[in-house]
Amino acid sequence: MKLTLIKPNIGRREHSLYIDHGRMEPLMLAVIAALTPPDVEVVLYDDRMETVPVDEPTDLVAITVETYTARRAYEIAADYRARGVPVILGGMHVVLAPDEAARHADSIFLGDAEIGWAEVIADARRGRLKARYQAPPGAAQIGGVLPRRDLYRGKGYLPVSLMQFSRGCKFACRFCAVSQYFDKKHYLRRIDEVVREIAAQERRFVFFIDDNIASDRAALKELCHALIPLKVHWISQASLDITQDAELMRLLQKSGNWGNVVGFESINLASLRETKKSPNIPGFADYEREVRILREHGMQTWAAFALGFDHDTQESIAATVDFCLKSKFTFAAYNILMPYPGTPLYARLRDEGRLLYDGRWWLHPEYRFNSAAFVPARMTPDELTDACHAARARFNSLGSLVHRFSDLQTNLRTLSRAVSFWRYTLLFRREVYRKHGMRFGLR
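Source: prediction; values computed, not measured.

Rules used in this analysis
Residues numbered from 1 in each chain as written. Predicted model: local features only at pLDDT ≥ 70, side-chain atom pairs only at ≥ 80, totals over all residues. Heavy atoms only, no water. Buried < 20%, exposed > 50% of the residue type's maximum accessible area, 1.4 Å probe, protein only. Helix = DSSP H or I, 4+ residues; strand = E, 2+ residues; numbered from the N terminus. Pairing = 2+ DSSP bridges. Salt bridge = Lys/Arg side-chain N within 4 Å of Asp/Glu carboxyl O. Phe/Tyr/Trp six-rings, centres within 6.5 Å; stacked < 30°, edge-to-face > 60°. Lys NZ or Arg CZ within 6 Å of the ring centre and 35° of its normal. Axes fitted to C-alpha atoms, helices over the stretch in contact; angles between N-to-C directions. Core = buried A, V, L, I, M, F, W, Y, C linked by side-chain atoms within 4.5 Å. Contact = heavy atoms within 4.5 Å.

As a further point, take the pairing of strand S1 (residues 2-7). In terms of burial, S1 is a largely internal element, 6 of the 6 residues being buried. Burial along S1 is two-sided: the face carrying Lys2, Thr4 and Ile6 and the face carrying Leu3, Leu5 and Lys7 are both buried. Here S1 runs beside strand S4 (residues 41-46); their pairing, made up of 6 bridges, is parallel. Following the sheet pairing, Thr4 is matched in S4 by Val43. Relative to strand S5 (residues 60-64), S1 is paired through 4 bridges, and the arrangement is parallel. Within the sheet, the bridge partner assigned to Leu3 lies in S5 and is Leu60.

Set out below in structure tokens:
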């Protein structure tokens, strides 16, 4: 039996294909490959930079689907199914929109693959694939396998090893699809397995792609203690409330943490309350203190913002950039607030008649990447789109890069950090412009 794993692209630029130069390893597909019996041949194709050979013989195709890649994933699935090859779809978007996904596949997988994937392979061998498989989310605590990283060879991924310590987040932000997928629960993996996985691969720079690695601070402290003797450098995604725990901040620094993606979301307290961004609200009046704590511990922070809340204006978006420049964040993401299916935000905007593109922007042929998909309260959709693009352009200007680079506490702390700053800021600067206005899908 042969299994083909596919990571879809977002789509294409208006007049050409899009090659993702900032691509990271598709960890979930390497885990699925490891869960597959050794007598099954497994191949991986990454649509972000290589042609998917749909005419190549295979017995089962498994495609991971995110909301941004759904249109392209369905195109690839259609190509295989037209050739009589069964297709199974999985991933977060499939859980958020199962009935939609089921129309584009022979089978869908809901939940995390550690429980249930063996049944899929057994059914595929018999030619009796079920229409739907259901597994509990958060199976990170189910161990015993190491990702098949050999499948990454030759694909030109960034030199960062993706891993997971936990899945899910204890908070319930209204716009967040993660909270819906994991039902506001947080699942931990055994630390000895994390250590074993780090030892089994060559790279010393690790990206823990946890949804919020700080959901359980006690567990994160234990992880930090285990990482200290390994002498690795690592990054992750963490809520801003880590700054409230002095012991944790010391351990993060000592364990080799260079910084984290931190969801600031807004500099407007009303917007934080609107979306129930609870970890930010207690310290909102002292954002400057929290930023100072991050910098004192050498954190090269990636500040993430969601722009377009009902209290946002064009002026407040510009003020957000002012805040980021003053804070000298290494990176900042100015994301338009997106109504993901299955979230409280989506339901509210739908009920208020404010959704655009028939409510399914991720499939609509006229939608373009980084555009507003709803009618904001204090701007037009075009004004929101333009304000967010202007924020990205201003923050990623060469003058801004030089200003942010000149921070002795973070980017100039060591030579390796300085090199990393320029390598990745210039890469992501190019991607900001290349991806803006992209079509979803290739057709």
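Moving on, there is more to tell.
Once that is clear, we can look at the pattern of salt bridges. Scanning the entire structure with this criterion turns up 40 salt bridges. The partner of Arg295 in a salt bridge is Asp407, and the shortest N-O contact between them spans 3.0 Å. Taken together, the residues Arg295 in helix H11 (residues 287-296) and Asp407 in the loop between helix H15 (398-405) and helix H16 (415-435) connect sequence positions 112 residues apart. By relative accessible area, which is 21% here, Arg295 ends up partly exposed.

If you walk through the whole model with that rule in mind, you get 34 aromatic pairs. Judged by centre distance (5.2 Å) and plane angle (75°), the rings of Phe205 and Trp258 are edge-to-face. Of this pair, Phe205 sits in strand S12 (residues 205-208) while Trp258 sits in strand S14 (residues 257-265), and the two are 53 residues apart along the sequence. With a relative accessible area of 17%, Phe205 lands in the buried category. Both rings, one in Tyr346 and one in Trp362, keep their centres 6.2 Å apart while their planes meet at 50°; by these two values the pair is tilted. Taken together, the positions of Tyr346 in helix H13 (residues 344-351) and Trp362 in the loop between H13 and helix H14 (381-395) put the pair 16 residues apart, joining distant regions of the chain. For Tyr346, a relative accessible area of 12% corresponds to the buried category. Joined through ring pairs, the aromatic side chains of Tyr68, Tyr340, Tyr346, Tyr357, Trp361, Trp362, Tyr367, Phe369 and Phe440 make up one cluster. Over the ring of Phe395 we find Arg404; its NZ or CZ atom is 3.7 Å from the centre of that ring.

Take the sheet that holds S14 next. With respect to topology, 6 strands assemble into an open sheet ordered S9-S12-S13-S14-S15-S16, the strand pairing being parallel. With one partner strand each, in any of the chains shown, strand S9 (161-163) and strand S16 (331-336) form the two edges of the open sheet. Strand-to-strand twist in this sheet, taken as the mean axis angle between neighbours without regard to direction, amounts to 20°. Sheet analysis places S12 next to strand S13 (residues 233-237), joined by 3 bridges and oriented parallel.

A few words on the sheet that holds strand S3 (residues 16-17). Taken in spatial order, the 3 strands of this open sheet run S3-S2-S17, and their pairing is antiparallel. Here the strands that pair on one side only, and so sit at the sheet edges, are S3 and strand S17 (439-440). In this structure, strand S2 (residues 11-13) lies alongside S17, joined through 2 bridges in antiparallel fashion. The partner of Arg12 across the bridge, within S17, is Arg439.

Turning next to the nonpolar core. Counting 97 residues, the largest nonpolar core has Ile63, Leu89, Phe208, Trp234 and Phe264 as the members making the most contacts within it. If near-sequence neighbours (up to four positions away) are discounted, Ile63 is found in contact with Ile6, Pro8, Ala73, Ile76, Ala77, Val87, Ile88, Leu89 and Gly90. Counting residues in each nonpolar core, the second largest holds 36 residues, with Ala30, Leu44, Tyr152 and Phe428 among its members.

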